[in-house]
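# Tertiary structure, described
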Amino acid sequence: MKEKLKKKPLAIMIFMAASFLLAVLCVAYSVYYQNSIELTEKYGKEKGLALVSLKSAINDMSENSGDEKGLFLLASYDSEEQGRKDVAYSYDNALCALAFMADGDKESASGILDAFVYAAINDRGDVQRVRNAYVAGNIKGDVYGSVRLPGYYDTERDMWIEDPSLVGSSSGNLAWVSLALLWYDKLYGEEEDTYLYVKTAAALMEWVLDNCADENPGYIAGINGWPESDASKGQVLSYKSLEHNVDCMVAFEALYEITGDERYHEASQSALSFIKSMYDAKKGYYYTGTSSDGVTPNTESVVLDAQVWTALAVDDAGKNGRVRKNIRKMKTSDKGYAFCLDEAAGGFWAEGTAFTALYYLECGKKKDVYEAMDALCSIQKVDGRIPACSGDSINTGMELFNGAAWVYDNSPHIAPAAWFVMAIDGFNPFDIDISDEDKGRYESVRLMHEVSDVSGMRTLLCKEQLIIHAAGRYVTGDGKELFYTNSSEALENAYEAGRRVIEMDFMFTTDGYPVCAHNADGEWALGFPFANAPTHEEFMNSKVYDCLTPLDIYGLIDFMREHTDLYIVTDMKDALWSGTDKFEVLKKCAPDLMNRFIIQIYHDEEYDIVKNLGFPYVIYTLYAADEDERELAAILGACRNMELVALTMPDVWVDDAGFVSKVNETGVPLFVHTINDEKERERFGALGVKGFYSDYFQ
């Protein structure tokens, strides 16, 4: 009996120990299970809500404007402050495009990126660049080629006011937009033609090279104000920001990898050298940048993004335990991360907390990832939006350009929502690895867009023999024949009939938009009800001959990008409202299609203008030429001195085989217009004429 009593406590102790061990194992398994769940599974609902909040903003703008094909940028946050209301920051919108790509939503991403491309090409200066901010919504201005920049009209002073920091350009912002464009090319370049995206990214970073480089490593912050085409007129921000240089380093290196241009690699290495110079080895953190001299480190504060972005972008920094320790020091009591070390006792910065979660994910620190993500989920609104900070507000410890303290309030902001999505998807925007396949694809596409062959184009035109005039004849459902329509249906009809060289006429609306229409006597254009030039909106809302769809330059370009073997011969007779050269307008509309347009010139002095703009293919048409330009000696001189792909003139001027023979001896094929009769083609062919403008396809 005593032996049994002695054994009973032992059994109880063993049972209790086993139970405790089992409990520990259960807890450990639970923790392991929670830490092994994919973020997309654990936070899928919250991610979906964040994406809905971003996409709904685009849909709302489209519905309110009545323009589904508009070029939209998202308002960064709600504000009633004058000058800050309805502002779309470029950095924030580039993040949203990246977040959409992380989620596989290329349509939403391309919508934002198309707006940036338009903004860069149509900047009110003479160079391609992106401003720090635009007006939220459709960024197209009321006049062709204009872009809506933030500002307001001051009634007391009777003047338009713009914030220099908003309409200026930051090296970091240009780099972020470039990164988003290059990411799209990497992800979707196999599916569609993304050459214009790469070309725009390169143009933006060229602006950085031209305006933000000095004699020392790294790049200055940028330019505030209105330099337009003259940087000396703006306020040069000569300090260097570490985060801007991180952005530039990655963008330049990606451009180098895809284009092979050594200048971009050297530019990337310059930024990297600057980044390394900002590391304090004794204290284990990176400085935010320099003072205005571009050299002396700014040691005033330790900022979160300087540590985390460098760690995400530079491999060695990601392995630096001392940097990680300083990042941890910025953790707040509510498990998020402060803007800077000095403010760690306050609320957390939502955007910084999201990209810090991404950093911990790459470090394999799942517990830290979940803590940061849970903190963000705790402040997410029911509609999916994420406030800029926890609590009522946080101080960044830094000042704005006007000297005021830089403070974030808790208004919902699109930047933390975008970083939140990227963190959940494990999408590191700095980790853009350009493969040999990407580079090879780009090179083949670049050749298609940039390489020109005048001799080859002459051969192609002679082989085609027919240039379809004004998009060609169109027969309606009731059998009515329509000509000179330049309509969408006629263009599609000509292409489907196998024609690959099509002439389109261009006129200009009162607000300066190039549209496809043929002039007429007694009315503005054939097939339209207007006595005088309409607005672009009026034109696009009308019908050609009450039944066909009108085309503007953008619709035509979209068709050309979808049909890569199509060449358009231009007939641009009008000048623009401001005296801007009509050929330059075409270049601004389609810089990626320079070798797919065959430009008709009307006077010999226009040749150099067109060639200097970069258009490789020129037809000299004589129907509007001056009398002296029509003399045989002048014609032959033009054919010998100009690199023309064809010479064209009205059929009534061609009645002599000797004349045709002399033109053909120059190597320039002679075309006549407009020939719709087969017997007439045979007659002119017998004279040696190489081709014809025709309303018919056969």
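On a predicted model such as this, the values are computed, not experimentally measured, just so you know. (Residues numbered from 1 in each chain as written. Predicted model: local features only at pLDDT ≥ 70, side-chain atom pairs only at ≥ 80, totals over all residues. Heavy atoms only, no water.)

Here we come to a negative patch on the surface. A cluster of acidic side chains, namely D604, E605, D626, E627, D628 and E631, defines a negative patch on the protein surface. By the secondary structure assignment, E627 is in the loop between β23 (618–621) and α24 (632–641). Look at E627 and you get exposed, because its relative accessible area is 64%. (Patch = residues over 30% accessible without salt bridge, like charges linked within 9 Å, V, L, I, M, F, W, Y side chains within 5 Å. Areas by Shrake-Rupley, 256 points an atom, 1.4 Å probe, with all protein chains shown as cover. Salt bridge = Lys/Arg side-chain N within 4 Å of Asp/Glu carboxyl O. Lys, Arg positive; Asp, Glu negative; His and termini not counted. Charge placed at Lys NZ, Arg CZ, Asp CG, Glu CD. Helix = DSSP H or I, 4+ residues; strand = E, 2+ residues; numbered from the N terminus. Buried < 20%, exposed > 50% of the residue type's maximum accessible area, 1.4 Å probe, protein only.)

Take the packing of aromatic side chains next. All chains considered together, the criterion is met by 37 aromatic pairs. Plain terms: the ring middles of Y144 and Y513 are 5.5 Å apart, the flat faces sit at 70° to each other, and that makes the pair edge-to-face. Of the two residues, Y144 sits in the loop between β4 (137–138) and β5 (152–154) while Y513 sits in the loop between β19 (501–508) and β20 (514–516), which places them 369 residues apart along the sequence. Residue classification places Y144 among the buried positions, given a relative accessible area of 6%. The interplanar angle of 80° and the centroid separation of 5.9 Å between the aromatic rings of Y285 and Y287 together place this pair among those described as edge-to-face. The residues Y285 and Y287 share a single accessibility class, namely buried. Three or more aromatic residues joined by ring pairs form one cluster here, namely Y91, W176, W309, F339, W349, F355, W406, Y408, W419 and F430. (Phe/Tyr/Trp six-rings, centres within 6.5 Å; stacked < 30°, edge-to-face > 60°.)

Turning next to the sheet that holds strand β8 (residues 222–224). Taken together, 3 strands build an open sheet; the order of strands is β7-β8-β9 and the sheet is antiparallel. Every other strand in the sheet has two partners, leaving β7 (169–170) and β9 (235–237) as the edge strands with one partner each. Here β8 pairs with β9 via 3 bridges, running antiparallel. Following the sheet pairing, N224 is matched in β9 by Q235. (Pairing = 2+ DSSP bridges.)

Packing of helix α11 (residues 304–313) against helix α14 (residues 350–363) brings their axes to within 10 Å, and their N-to-C directions diverge by 35°. Where α11 crosses over α14, the two elements pack in a sense that is left-handed. Between α11 and α14, the residues in contact are L304, D305, V308, W309, A311 and L312 and G352, F355, T356, L358, Y359 and E362, respectively. The residue makeup of the contact of α11 with α14, split by class, is 8 nonpolar, 2 polar and 2 charged. (Axes fitted to C-alpha atoms, helices over the stretch in contact; angles between N-to-C directions. Left-handed = near helix turned anticlockwise from the far one by under 90°. Contact = heavy atoms within 4.5 Å. Nonpolar A, V, L, I, M, F, W, Y, C, P; charged D, E, K, R; others polar.)

This next bit is on the pattern of salt bridges. Under the counting rule described, the total for this entry stands at 35 salt bridges. Its salt-bridge partner being D425, residue K47 comes within 2.8 Å of it at the nearest N-O pair. With K47 in helix α3 (residues 44–65) and D425 in helix α16 (residues 414–425), the pair connects residues that are 378 residues apart, well separated along the chain. A residue is classified by how much of its surface remains accessible, and D425, at 23% relative accessible area, is partly exposed. The network of salt bridges with shared partners includes D123, R124, R129, R131, E162 and E228.

Another aspect to go through is the packing of helix α5 (residues 106–121) against helix α8 (residues 195–212). Where α5 contacts α8, the two axes come as close as 10 Å, and the packing angle between them is 50°. What the angle tells us is that α5 and α8 run oblique. Between α5 and α8 lies a crossing whose hand is left-handed. For the pair α5 and α8, the contacting residues are S110, L113, D114, V117, A120 and I121 in the first and L196, Y197, T200 and L204 in the second. In terms of residue class, the contact of α5 with α8 is built from 7 nonpolar, 2 polar and 1 charged. (Parallel < 35°, antiparallel > 145°, perpendicular 65-115°, else oblique.)

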